[in-house]
Structure formats: structure tokens, C-alpha cells
Amino acid sequence: MTSTHSPSASHTPRRKRIVVAMTGATGALMGIKLLIALRRLNIETHLIMSKWAEATIKYETDYHPSNVKALADYTHNINDMAAPISSGSFKTDGLIVCPCSMKTLAAINSGFCDDLISRTADVMLKERRRVVLVARETPLSEIHLRNMLEVTRAGAVIFPPVPALYIRPASVEELIDQSVGRVLDLFDLDTGDFERWEGWKKE
């Protein structure tokens, strides 16, 4: 009997898949612009938002949390510990926590998986996948710095959204686009939305 199973059909390359987590730190617009950029790049996105992320979105932007959720392919409840992304067997290309609060950083560092964000980060680290934490806090205490050092040693990347003033930004959005573009560079994704440094320009 001839099998109708096609090996090539079962090995169709999947879309690149990235988890985006938003916490209550200031900088909600960065997470939103990140989702927009990933959508434009045809990356499958899985979104987790904390309750304070939803509150910050309402306070800092003209978006409603429901509009932000609509930008993602899939949205997961922060308390759903049975979500696909909570397991290492669910293939993903990494996690971006944007913005990342110091509370979330501490939970990730300690391995205290009390919600889906910290659990997903734990899974990504154990599976040796890319984890980028867009840390939003200043100034930094010794506790913050210790947590950052420890998660870096565990394989995560700390990405403070430091403004690139060499682009001579005309707006806050240009600064955000530059930071979003640099974050996605870490996943070999090019947004094409910002000016890259090419040396001093002659007058």
C-alpha cells in the first residue's frame, strides 16, 4: 500500500514566532510599536499583558488594551499557566518583555514563575532561546543591577531603551522606532524604520 503522507508537507517551514510580554513599567508605546513592527514583518506574535500594563496603556497612550491585543496573532491571559507558550515543547524564537518592570525582572531572576510572563521567560531560558528584557527604570539600585547581572549570566539580554541622539530625532516616536529596530536586530529582523550609524557625515 502506498502511503499518502508527504514528508515535504509535514516539514513546511513555520513563520518565525515571537512572544511579546508587556508589564506595567512606563513605555507602553514601545511595546505597541514592537507589535506593529512584527506584524509588518509577518512574524507570528503571542502577547501577554499584565493588569498594570493595561492600566499604563490607558494612561500613556491613545490605545485601549483591546486595540493592542488585536495587533497580536494570539493573546494569552497572564494567569493561564496552561497556555502553549508555558511549555518548552512549543517552538518559539524568543521572548521580548517590553517594557520590563523591575518586579518582572526580579521574578525572572529568581525563577519564581507565579504568572505566565515569568513562566514563559523561565521556559525560554531553559531552552536556550533569546530573551530580551527592555528594562525601564532609573536610577538603578544595587538590587536592580544584581538581578540584571544574574539574568544576563543565565542567557537573557538587558536592553535599556537608551535614546540615540545621533539620529537627531524630531519626535519621541522616532526615538521609539530606533529602540524597537535595535531590539529586533537581536532577532535578525530589520524594520528599516531607523537611521543606522555610518560614521561622521561630511558637511
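First, a word on what this report is: a plain description of the structure on this page. Each chain carries its own residue numbering, running from 1 in the written order of its sequence. Whole-chain, interface and lining totals are the exception, using all residues; otherwise, since this is a predicted model, local features are given only for residues with pLDDT of at least 70 and side-chain atom pairs are given and counted only at 80 or more. With hydrogens and water stripped out, all remaining heavy atoms of the structure feed into the side-chain values.

### Some thoughts on the sheet that holds strand β6 (residues 157-158)
Moving on, step 1. Across the sheet, which stays open at both edges, the six strands sit in the order β3-β2-β1-β4-β5-β6 with parallel pairing between neighbours. The outermost strands of the open sheet, each flanked by one partner alone, are β3 (74-76) and β6.
Moving on, step 2. Should DSSP find at least two bridges between two strands, the strands are regarded as paired. Here a strand is any run of E in DSSP of at least two residues, a helix any run of H or I of at least four, and the numbering for each starts at the N terminus. Relative to β6, strand β5 (residues 131-135) runs parallel, the two being bridged by two bridges. Among the inter-strand pairings, valine 132 is bridged to a residue of β6, identified as valine 157.
Moving on, step 3. Residue contacts are defined here by distance: any two heavy atoms, one from each residue, within 4.5 Å place the two residues in contact. Throughout, an axis means a line fitted to C-alpha atoms (over the contacting stretch in the case of helices), and angles, computed between N-to-C directions, take values from 0 to 180 degrees. Contacting β1 (17-22) and β2 (44-49), helix α3 (residues 51-60) crosses the sheet at an angle of about 95 degrees to β2.

### Things to note about helix α8 (residues 172-185)
Moving on, step 1. Helix span is expected to be 1.5 Å times the residue number reduced by one. An ideal rise of 1.5 Å per residue puts 20 Å on 14 residues; α8 measures up with 20 Å between its terminal C-alpha atoms.
Moving on, step 2. In this structure, the buried residues of α8 make contact with α2 (28-40), β4 (95-100) and β5.

### Considering the packing of helix α5 (residues 102-110) against helix α7 (residues 142-153)
Moving on, step 1. Here α5 crosses α7 at 45 degrees, and the two axes come no closer than 9 Å. It follows that α5 is oblique to α7 by the angle criterion. In this structure, α5 meets α7 at a crossing whose hand is left-handed. Contact residues: Met102, Leu105, Ala106, Ile108 and Asn109 in α5; His144, Asn147, Met148, Glu150 and Val151 in α7.
Moving on, step 2. In terms of residue class, the contact of α5 with α7 is built from six nonpolar, three polar and one charged. Any angle between 65 and 115 degrees counts as roughly perpendicular, while under 35 counts as roughly parallel, over 145 as roughly antiparallel, and the rest as oblique. If you view the pair so one helix is near and one far, a crossing is left-handed when the near helix is turned anticlockwise from the far one by less than a right angle, and right-handed when it is turned clockwise. Lys, Arg, Asp and Glu make up the charged group, whereas Ala, Val, Leu, Ile, Met, Phe, Trp, Tyr, Cys and Pro make up the nonpolar group; the residues left over, Gly among them, are polar.

### Re the side chain of threonine 56
Moving on, step 1. Relative to the helices and strands, threonine 56 is located in helix α3.
Moving on, step 2. Residue class for threonine 56 comes out buried when judged on its relative accessible area of 12%.
Moving on, step 3. Definition of a polar contact: a pair of N or O atoms within 3.5 Å, with one able to donate and the other able to accept a hydrogen when the atoms are protein atoms, and with sequence-neighbouring residues admitted only if both atoms are side-chain atoms. Among the polar contacts listed, one links the side chain of threonine 56 to the backbone oxygen of tryptophan 52, at a separation of 2.8 Å.
Moving on, step 4. Excluding its chain neighbours within four sequence positions, the residues that come into contact with threonine 56 are Gly24, Ala25, Thr26, Ala28 and Thr61. Whether a residue is buried, partly exposed or exposed follows from its accessible area with a 1.4 Å probe, protein chains only, as a fraction of its type maximum: under 20%, in between, or over 50%, in that order.

### Topic: the packing of aromatic side chains
How two aromatic rings sit relative to each other is given by the distance of their centres and the angle of their planes.
Moving on, step 1. Between rings of Phe, Tyr and Trp, where Trp is taken as its six-membered ring, a pair exists when centres lie within 6.5 Å; planes separated by under 30 degrees are stacked, by over 60 edge-to-face, and by other angles tilted. Summed over all chains, the structure comprises two aromatic pairs.
Moving on, step 2. Summarising the aromatic geometry, the rings of tyrosine 166 and tryptophan 197 are spaced 5.4 Å apart at their centres and angled 75 degrees between planes, so their arrangement reads as edge-to-face. In this pair, tyrosine 166 is assigned in the loop between β6 and α8 and tryptophan 197 in the segment after α8, connecting sequence segments 31 residues apart.
Moving on, step 3. Judged by its relative accessible area of 45%, tryptophan 197 falls in the partly exposed class.
Moving on, step 4. A ring pair is formed by tryptophan 197 and tryptophan 200, whose centres lie 5.3 Å apart and whose planes are at 85 degrees; its orientation type is edge-to-face.
Moving on, step 5. Connected via pairs of aromatic rings, a cluster forms that spans Tyr166, Trp197 and Trp200.

### A look at unusual backbone geometry
Of all residues except glycine, most have a negative phi; of all peptide bonds, most are trans.
Moving on, step 1. Cis peptide bonds are those with omega within 30 degrees of zero, and the linkage from cysteine 98 to proline 99 qualifies with -5 degrees.
Moving on, step 2. Its place among the elements puts proline 99 in strand β4.
Moving on, step 3. Residue proline 139 follows threonine 138 across a cis peptide bond; omega there is -10 degrees.
Moving on, step 4. For proline 139, the position within the fold is in the loop between β5 and α7.
Moving on, step 5. Here the phi dihedral of asparagine 42 falls at roughly 60 degrees; this positive angle occurs in a residue that is not glycine.
Moving on, step 6. As for its position among the elements, asparagine 42 is in the loop between α2 and β2.
Moving on, step 7. Here the phi dihedral of arginine 168 falls at roughly 50 degrees; this positive angle occurs in a residue that is not glycine.
Moving on, step 8. Mapped onto the elements, arginine 168 comes out in the loop between β6 and α8.
Moving on, step 9. The exposed category is assigned to arginine 168, whose relative accessible area is 73%.

### A closer look at the packing of α2 against α8
Moving on, step 1. Viewed as axis vectors pointing N to C, α2 and α8 meet at an angle of 60 degrees, and their least axial separation amounts to 9 Å. Relative to α8, the element α2 is oriented oblique. Seen along the crossing, α2 lies across α8 with a hand that is right-handed. Where α2 approaches α8, its residues Leu29, Met30, Lys33, Leu34, Ala37 and Leu38 are matched on the opposing element by Glu173, Ile176, Asp177, Ser179, Val180, Val183 and Leu184.
Moving on, step 2. Along the lines of polarity and charge, the residues of the contact of α2 with α8 split into nine nonpolar, one polar and three charged.

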